[in-house]
Each structure stands twice: as structure tokens, then as C-alpha cells.
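# Fold and geometry: a report
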Amino acid sequence: MTQKQLLAIAKRHGTPVVVIDHDVIRRNYATFRRRLPKVQAYYAVKANPAPEIIRTLYRAGASFDVASLPEFMMVHENIQHLPAKERQSFIWDKIIYANPIKPKETLEALDEYKPLLTYDNLDELRKIRRYAPHAGLVLRLRVPNTGSMVELSSKFGCDTGEAVDLILEAFRIGLVVEGLSFHVGSQCTNFDNFVQALNIAAAVMREARSRGHEIKILDIGGGFPVPYDARVKPFPVLARKINSEIGRLFAHDIEILAEPGRFLVATAATAVARIIGKAFRDGKTCYYVDDSVYHTFSGIVFDHCQYRLKAFKKGETEICTVFGQTCDGMDAIVQSEELPHLEIDDLLYSENIGAYSNASATHFNGFEPAQVVHVNE
Ligand code: PLP
């Protein structure tokens, strides 16, 4: 988006506003598929659950990773228009429910769709057997998350040593393990995590085969990093590593899927906020804007992400602090940003804010989440 386009949208719609450019989403999806041609992309809806994004990605050919019943239903409603007889293969081709822990009520509601579900422990397995006996299973493995911005391995994934027992137990109680999955941690800039995870998955698959069970699906999860700053190595470098390990370790007919969230949507969105107050505190200019860490900038808290703020105005810069609109003291969007001299009603913008941002916005302090404007849908 050019600055001129952003200003025009802010003028027409007011602020705070998040602008989502669907050309960028389509481009990110095309890049993902081109660089990882053997891997089907199941968009992780949690990153940004706007139905407009789901429809754009569906039309581009994507499938979906959901993590709750409402996400499952939302995807289902936005994409399903196939004859009933094709619906079963369609569900697995198009949706994976990748939250390893599910309430029993969710399992009961999902069972009629014969969904593809992940699990990582015995209690979950027994729950699935009881409440969703028609589900297909994917075992989530615990893999190194070293250096990833968001660590997931302390919460999910079975240890390698338990994996084959969990597969055998599933078959013993009448369920079918279709695949293995892992997640290397979100915004994974340490590409060795992927290499190690692929090797762990290959070893588990080999052992399962030696015990009589062929695993057909490999789900390499999310974690594909976004160039928030220049230190992030380019995606093609990661894709080359993944392609080469997949070629070396797995049978050529294995079905491979991934659950990219951030990679597909982060760079597609820009937030625009208006300066509503100004103060000089402790020798520093502080601006207060009409958005906050409880709203579009919630990724600062939940996603461990730091966003840059930029001004539309030019001029000599100084180090400033930008606070959010709420009364909470921890609502600081950025502590030291180089900004020109600005006045109340001037606008600021923040790029690459499409993932884990407005998705986790709250209504704290009575402020509504920013409006979202979709362009190039
Ligand atoms: N899949 C699962 C199971 C996840 O938990 C997440 C993120 O937390 C994702 C996919 C998406 O990850 P990312 O946005 O890093 O691609």
C-alpha cells in the first residue's frame, strides 16, 4: 500500500483502521506453493480469521488449519459447496483440526464431519475414541523450538520415545493414525528446527512401518518466518532446506501439508492510528494514539512481536514513545521510535501487522477494535 492510498482510506473510514491487501495474501500463497511445491498449505485461521481472507485463500487453492469448533464452522460455512458424496475427502483435503486438546463437546459436534484431528497423549486418544470415533488422527510430535519467537513445545507434542506406543494404542482401540505433525515454533528463524523435526518425524515413521503401520500424511506445521526485519533469512533458503530433507527422508508418495499462518497474512496488513494526545515526559516526547496493545497491537503481548511505527509527515526526527489509548500503564506500543515532530490529529502507520494482531484485539476500556478494510479482494 502506498502512503497516499493509506491516507485516503483513513480519511474515508476514520481511524483506527487496519487495511488488508488481498493481492499480498495471494502473492504470499503463490510464493509458498512455488517454493514448496510438494506441500499443500493449510492456512492457520487463528492468525487472522477474517472470512474475507478465508474466501480469498480458498479461491487461490488453500486448505485450512482450525483450532476450535467456531473456527471449524466458519471455514466450513465459507468454503463448502460440494456434493455430499465428495464431502468426506473434501473435509480432509481442506480442513485439519490441529489443536491437540479438545473439549468433549467439540469432539461430539465434529464427529459427523469425520474430521482429521491431532492428538498428543493417551487421555486425548481415549476422549476421541469415545466422542469422535469417526475421526482420522494425526499424532503431534514434540520438536525443538529453539530461537522461535513463540515457543510451543512446552505445551504440545509427545516425546519421540512415546510416539510409536501412541500410534499402536490408537490402532488397538479401533482408530486410524493417518499422519504425523509438528510445529517448530512461530516465527522460526532458526531453520535447523525444521531439519531436526523432519528427521524426528522420519524416524517415527520408519519405526511405525516396522510395527506394521504405514503413515500416509506428514504435516510440517507453521513457523515460516516473516521478514519483520532484515535479519530474517529469506524464505527460499528455508524452502531449499525443507525440500532437500523431504526428498532425502520420505517416500515420494507421502502427502505433505503445512499450516502457515503468519507467513500468508502478516505482510498483507497495515494499521493506521491517529494521534489523540501528546506530552513531554522525562525529557522525551510521548504520543498517545487511538489504538492500543489491547487492540490491533495485541501482538506485542500475545505474539512477542514488536512493530515499527512510521509517520506520514517528513522532517527531522527524535526518539519518542508511543502509548496506546487505554488507561493501563503497560499500554506502550513502542518505547523508542524515531519520529518527526507531530501534532494531535496527525496519523501514524504500522506495516506487517496482519497476523496475531486484530485477531486477538479486545474491547478493554470500552474501546472497540479497529475497523478492518479489505482491498483488492
Ligand atoms: N499450527 C498450529 C498447531 C499452531 O499452533 C500455529 C500457531 O500457533 C500455527 C499452525 C501457525 O503458526 P505460524 O503462524 O507460525 O505459521
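Conventions and cut-offs
- Residues numbered from 1 in each chain as written.
- Predicted model: local features only at pLDDT ≥ 70, side-chain atom pairs only at ≥ 80, totals over all residues.
- Heavy atoms only, no water.
- Core = buried A, V, L, I, M, F, W, Y, C linked by side-chain atoms within 4.5 Å.
- Buried < 20%, exposed > 50% of the residue type's maximum accessible area, 1.4 Å probe, protein only.
- Helix = DSSP H or I, 4+ residues; strand = E, 2+ residues; numbered from the N terminus.
- Contact = heavy atoms within 4.5 Å.
- Near = heavy atom within 4 Å.
- Polar contact = N/O pair within 3.5 Å; in protein donor to acceptor, adjacent residues only side chain to side chain.
- Areas by Shrake-Rupley, 256 points an atom, 1.4 Å probe, with all protein chains shown as cover.
- 1 Å grid on protein atoms, 1.4 Å probe; cavity = no way out; pocket = protein on both sides within 12 Å on 5 of 7 lines; lining within 4 Å.
- Sits in = over half its atoms within 2 Å of the grid points.
- Nonpolar A, V, L, I, M, F, W, Y, C, P; charged D, E, K, R; others polar.
- Points joined across faces, edges and corners; volume = space filled by probe spheres on them.
- Salt bridge = Lys/Arg side-chain N within 4 Å of Asp/Glu carboxyl O.
- Expected span 1.5 Å × (residues − 1).
- Arc of directions from axis to C-beta.

Moving on to the nonpolar core. By size, the foremost hydrophobic cluster in this structure holds 110 residues, and its most contacted members are Leu 218 and Phe 224. The dominant element in this core, judged by the number of residues it contributes, is helix α9 (residues 192–210), at nine residues. Grouped together as the second largest cluster of nonpolar side chains are 11 residues, Val 272, Leu 347, Tyr 349 and Val 373 included.

Along the polypeptide, Ser 181 turns up in strand β7 (residues 177–181). Ser 181 gets classed as buried once you look at its relative accessible area, which sits at 2%. Sequence-distant contacts of Ser 181, defined by excluding residues within four places in its chain, comprise Thr 118, Val 138, Leu 139, Arg 140, Leu 141 and Asp 219.

Our next topic: unusual backbone geometry. Here the amide bond leading from Thr 15 into Pro 16 is cis, since omega sits at 0 degrees, within 30 degrees of zero. Tracing the chain through its elements places Pro 16 in the loop between α1 (3–13) and β1 (17–21). Even without glycine at this site, Lys 114 takes up a positive phi of about 45 degrees. Relative to the helices and strands, Lys 114 is located in the loop between α6 (104–110) and β5 (116–119).

Further remarks concern the site of the ligand. As a structural note, the neighbourhood of the ligand is formed by 16 residues, with Ser 186, Glu 259, Gly 261, Arg 262 and Tyr 356 the closest of them. Contacts to the ligand include Asp 65, whose side-chain N or O atom sits 3.0 Å from a nitrogen atom. Within the contact set of the ligand, an oxygen atom lies 2.9 Å away from a backbone nitrogen or oxygen of Gly 261. Its free accessible area being 400 Å², the ligand has 92% of it covered by the protein chains. Of the pockets mapped on this structure, the ligand occupies the largest pocket. Considered class by class, the residues forming the shell around the ligand number five nonpolar, six polar and five charged.

With that settled, consider the layout of surface pockets. Roughly 590 Å³ of internal volume is contained in the largest pocket. Residue lining of the largest pocket: 27 residues in total, with Lys 46, Val 150, Leu 152, His 183 and Tyr 356 positioned closest to the centre. By residue class, the composition of the lining of the largest pocket is 12 nonpolar, eight polar and seven charged. Approximately 370 Å³ is the volume found for the second largest pocket. Looking at the second largest pocket, it is lined by 16 residues, and the ones nearest its centre are Tyr 228, Asp 229, Arg 231, Cys 305 and Gln 306.

What follows is about the pattern of salt bridges. Counting across every chain of the model gives 19 salt bridges. Among the ionic pairs, Glu 124 bridges to Lys 102, the shortest N-O distance being 3.2 Å. Placement of Glu 124 in helix α7 (residues 122–131) and of Lys 102 in the loop between β4 (95–97) and α6 is noted, with a sequence separation of 22 residues between them. Look at Glu 124 and you get buried, because its relative accessible area is 2%. We note a salt bridge from Glu 207 to Arg 211, for which the minimum N-O separation is 3.6 Å.

Further remarks concern helix α2 (residues 22–35). In a regular helix each residue adds 1.5 Å, so 14 residues correspond to 20 Å; α2 covers 20 Å between its end C-alpha atoms and thus fits that length. Along α2, the residues classified as buried are His 22, Val 24, Ile 25, Asn 28, Tyr 29 and Phe 32. Looking straight down α2, one finds its buried side chains confined to an arc of 160 degrees; they lie on one side. Structural note: α2 exposes Arg 27 and Arg 34 on the side pointing more than 90 degrees away from its buried face.

Inspection of α1 places Leu 6, Ile 9 and Ala 10 among the buried residues, and these make up the whole buried set. In an axial view of α1, the angular spread of the buried residues amounts to 100 degrees, which keeps them on one side of the axis. Across α1 from its buried face, at more than 90 degrees, point the exposed residues Lys 4, Lys 11 and Arg 12. Buried residues belonging to α1 abut β1, β10 (269–281), β15 (347–350) and β16 (371–375).

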